[in-house]
Every structure is written in structure tokens, then in C-alpha cells.
Amino acid sequence: MTDVWIASGVRTPFAKVEGALADYDAIGLSVPVVKAMLAKGARPDFAVWGTVIPNLTWSNLAREVLLDAGADPTIPAFSTIMACSTSMIGAIEAAGMIDGRGRDLALVGGVESMSRVQIGLSVALSDWIRKFQGARTGQQRLAALGALNLKDVRLFIPKVANRVTGLSMGEHTEITAKEWGLTRVDQDAIAYASHRDAVKGWESGFFDDLVIPVGETQRDTIPRKDSTPEKLAKLGPAFDKTSGKGTLTAGNSSPLTDGAAAIWVGSENGMNRLPGETPKVKIVDYEVTSIDLRHEGLLMAPAYGVPRMLARNGMTYADVGVWEIHEAFAAQVLSHIAAWESAQFLSEKAGVAAPMGSFPHERMNPNGGSLALGHPFGATGARILSQAVKELAARPKGERAIVSICADGGQGTMMLLESA
């Protein structure tokens, strides 16, 4: 099999919904990123791009983005989606297509424009309109008008809620937080560390070659330099406001965010097309995990997938130098860690018999996570992969990193990377 590598790419700044990037739709946010990637002089053999929130204006977002970015129109491009794991599953799909026989380099990424969500008609009203337009006579139109049910005359506004359960990810995570006995203090500590490390990453220049300006926006707008545990403690519950036991707040939950991000996936020959200074590491393994969301926490898939992936590679937590874990909620991160450190969970649920040890908190998200940087659903996978690659590539040969993302629907994707 051909060794497959992943190289860091670029992204837009991330901004809260209705904020600095509110005027850009999904294509408008994606095009500057793709242009910047192509400006590196590499022509990809194919492209994978994704977004979570649908738009009726296009069906294959990846193709539209490449054409608008001025890419060679003979480059094949397809779109993908897997909730918050969208651009990571895109990287896994691309890795599976790299064969060293003409498919050596893929441009992969994703986007979310939370500020430009398209509102639709109810399905029943859409059906009625099509029937009315198909009526050929006045009598048929009158009959169609008589069949119109006024309760169907309404708009469909997409919600951040699971279709099966009807609950939002925040509501699900409140349940998980209570099941695992997670405290508000510990959740706020995760959020504070995320902001602190994101600010440190910007001030140290870590993000300088990972983020491109869009319009007048030069950098992420969400990280708070003035964040403190005391300020976070003053925020009220965001999802469970009535029981007196709610612990998830706007401060320890990722905000709705606009942004786009990209990475490179390729063979060694494909990597040679990129500028020599581009950080790159080898993909060792990956995991795609699904759980029964009716009986398990909605965002708990990585709690199963990460130890399974480590076990089959003969590794424990201590063998991983960098942990890039998506922070949908601080409680979700803490529930994963609690599960990873539970011998009962590992053996009875994850099916991992070997002990994994204690989780090294100090190695997690060294330059901030989604709580501080933001979470544009389709872009987060590429964002955390780029950060992990840059961090890992600067370390000695043979060091390893875990990149992990949970996703709505009870799924998740994980990658094991190695410096070379």
C-alpha cells in the first residue's frame, strides 16, 4: 500500500455567527481558502469539500468552489458530509483514494456559513406548489386551491437538533454531563484553558501561516484574552435552565461560527509538489465509529474509537505526544477523558482489555480548541488537522498525535499521525 501523508493547509479566520464574516455564504468563504492553497503551486489530482447546512442553490459544493476559485476545470471534485466530522471524513476518503498511480495529491476541506442559512418551505407546501403549477386548467387550479391546508403554509428553519431525538447537541451533552457527574468548575477550566492557549498561539505566531485574511478580518474574533475562571463562573446555564443542575453555558460550549478550512492529503510524490517548508506528517491509522445514540451519549463515539485505535497499534495514552480533541462542549471533552480512564468502560463498552493509563491533560490542544477558536461544522476537521500536523511536524521523528472529532448522530472520526 502507498504511504499516505497529510500536510497543513490554510483557513479563514473564524468568527461568531452574524459577526465579521456574516456577508459571506459557503462558496464565498471557501473560495479565498482554495485560491490560497492553489497559490502554493500545487495542482491537486482531485478535491473533496463539504458543508453541513444544505443550500438549494447548489448540489456539488466542491465543484462550484473550485470553479469559482479559478482551479483547472479538469480537476474532479466531490462533496461530502458527516456533521462535525465533515472535513475529517473528507481526509479519510481522500486517503483511501491516494494510490500513487495518478492520484497523488488531494485538496480537502470544508466550510460553514452559519450566518447565511437558507430557509425553506415545508415539504407539504412544496408538494402543493408543484401540483398547483402543474394544473393546466382553471378548474384544476381551483381544485388545487381548495386542497391547500393552511397549517402547511409555514417556513422550515434548520435547527441544531438531532432528527431522531429532537434534542440539540447541548441538551444531549447536559444529559451526558449528569450521567458522568461532571462539575461546572471542571468544565469552565477546560474553557479557560482553550481561550488562554488560543491567545498564546496567536501571540506566538503559531497561526500566522495557517490563517489567511478575508476582507478586513485578519484573525479569529472569538478567543478572549480577558477570559478568567471567575468570569466564566458567572454565566448562567444555556440548555438546562430549570432544574438548577445545568452546567453547560455559553462560555463552556462552542459558539455558532462562520469559517472555512483546507488541508492536503497525498502520497510522498504528491507531497513533493508542495513547497518544501510545508509541515507534513504520515497517517498511521484512522477510525470511524458509530454508537447507538438512543442509549449512549450523542457525542460519545470517540470514547469508543480512540482506545480501539490505540490498542490495535500497541499504544497507550502516554505514547501520544499531541492530542487535538474537538471541543464541541467542555463536558463532551471531559466525558471522553472519564471514559478513557475507566477500566470498566474500556473493557465492557469499548472492548479494550489492555489498560491505557492516565490521560495526559497537559498535551491536549496546545494552541486552543473549538471553545475558543470556534466551530464552523464543516471546517473544524481541517482546522484541527492542520494544527496537529504543524505541531507534530516540528517534533522529533516517530512522535505521534491523536486527532479526534465527535459528530451529531452518535458518530465520530479519529486519526493517528506520526512525524517523519
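This one's a predicted model, so the numbers in the text were calculated from it and none came from an experiment.

## Looking at the side chain of Glu324
Then, in step 1: Along the chain, Glu324 falls in strand β10 (residues 322-325).
Then, in step 2: One buried charged residue, Glu324, forms no salt bridge at all, with the nearest opposite charge on Arg383 at 4.4 Å.
Then, in step 3: Setting aside residues no more than four positions away along its own chain, Glu324 makes contact with Asn365, Pro366, Gly368, Arg383, Ile384, Gln387, Ala388, Ile402, Val403 and Ser404.

## What about the pairing of strand β9 (residues 280-290)?
Then, in step 1: As paired elements, strand β1 (residues 5-7) and β9 share three bridges and run antiparallel to each other. By the bridge assignment for β9, Ala7 is matched with Lys280.
Then, in step 2: Where β9 lies against strand β12 (residues 411-418), eight bridges are found, and the strand directions are antiparallel. Bridging across to β12, Asp285 finds its partner in Leu416.

## Describing the packing of helix α7 (residues 184-204) against helix α11 (residues 330-340)
Then, in step 1: At a minimum axis separation of 9 Å, α7 and α11 run at an interaxial angle of 105 degrees. The pairing of α7 with α11 is recorded here as roughly perpendicular in orientation. Taken together, the residues of α11 that come into contact with α7 (itself represented by Asp186, Gln187 and Ile190) are Ala330, Ala331 and Leu334.
Then, in step 2: In terms of residue class, the contact of α7 with α11 is built from four nonpolar, one polar and one charged.

## Observations concerning the pairing of strand β3 (residues 46-50)
Then, in step 1: With five of its five residues buried, β3 lies for the most part within the structure.
Then, in step 2: Judged by which residues are buried, β3 turns out to be covered on both faces: Phe46, Val48 and Gly50 on one side and Ala47 and Trp49 on the other are all buried.
Then, in step 3: Here five bridges tie β3 to strand β5 (residues 105-112), and the two strands are oriented parallel to one another. Among the inter-strand pairings, Gly50 is bridged to a residue of β5, identified as Gly110.
Then, in step 4: Here β3 runs beside strand β4 (residues 77-80); their pairing, made up of four bridges, is parallel. Bridge pairing in β4 places Ala47 opposite Ala77.
Then, in step 5: Each parallel crossover has a hand, and for β3 linked through helix α2 (residues 61-68) to β4 it is right-handed.

## Looking at the nonpolar core
Then, in step 1: By size, the foremost hydrophobic cluster in this structure holds 81 residues, and its most contacted members are Ile6, Val265, Leu310, Trp323, Trp340, Leu385 and Leu417.
Then, in step 2: If one sorts the elements of this core by residue count, α11 sits on top with seven residues.
Then, in step 3: With 34 residues, the next largest nonpolar core counts Leu61, Ile75, Ala262 and Leu274 among its residues.

Procedures and definitions
Residues numbered from 1 in each chain as written. Predicted model: local features only at pLDDT ≥ 70, side-chain atom pairs only at ≥ 80, totals over all residues. Heavy atoms only, no water. Helix = DSSP H or I, 4+ residues; strand = E, 2+ residues; numbered from the N terminus. Buried < 20%, exposed > 50% of the residue type's maximum accessible area, 1.4 Å probe, protein only. Lys, Arg positive; Asp, Glu negative; His and termini not counted. Salt bridge = Lys/Arg side-chain N within 4 Å of Asp/Glu carboxyl O. Contact = heavy atoms within 4.5 Å. Pairing = 2+ DSSP bridges. Axes fitted to C-alpha atoms, helices over the stretch in contact; angles between N-to-C directions. Parallel < 35°, antiparallel > 145°, perpendicular 65-115°, else oblique. Nonpolar A, V, L, I, M, F, W, Y, C, P; charged D, E, K, R; others polar. Right-handed = clockwise from strand over helix to strand, strands pointing away. Core = buried A, V, L, I, M, F, W, Y, C linked by side-chain atoms within 4.5 Å.

Functional significance is not addressed by these values, which are geometric in nature.
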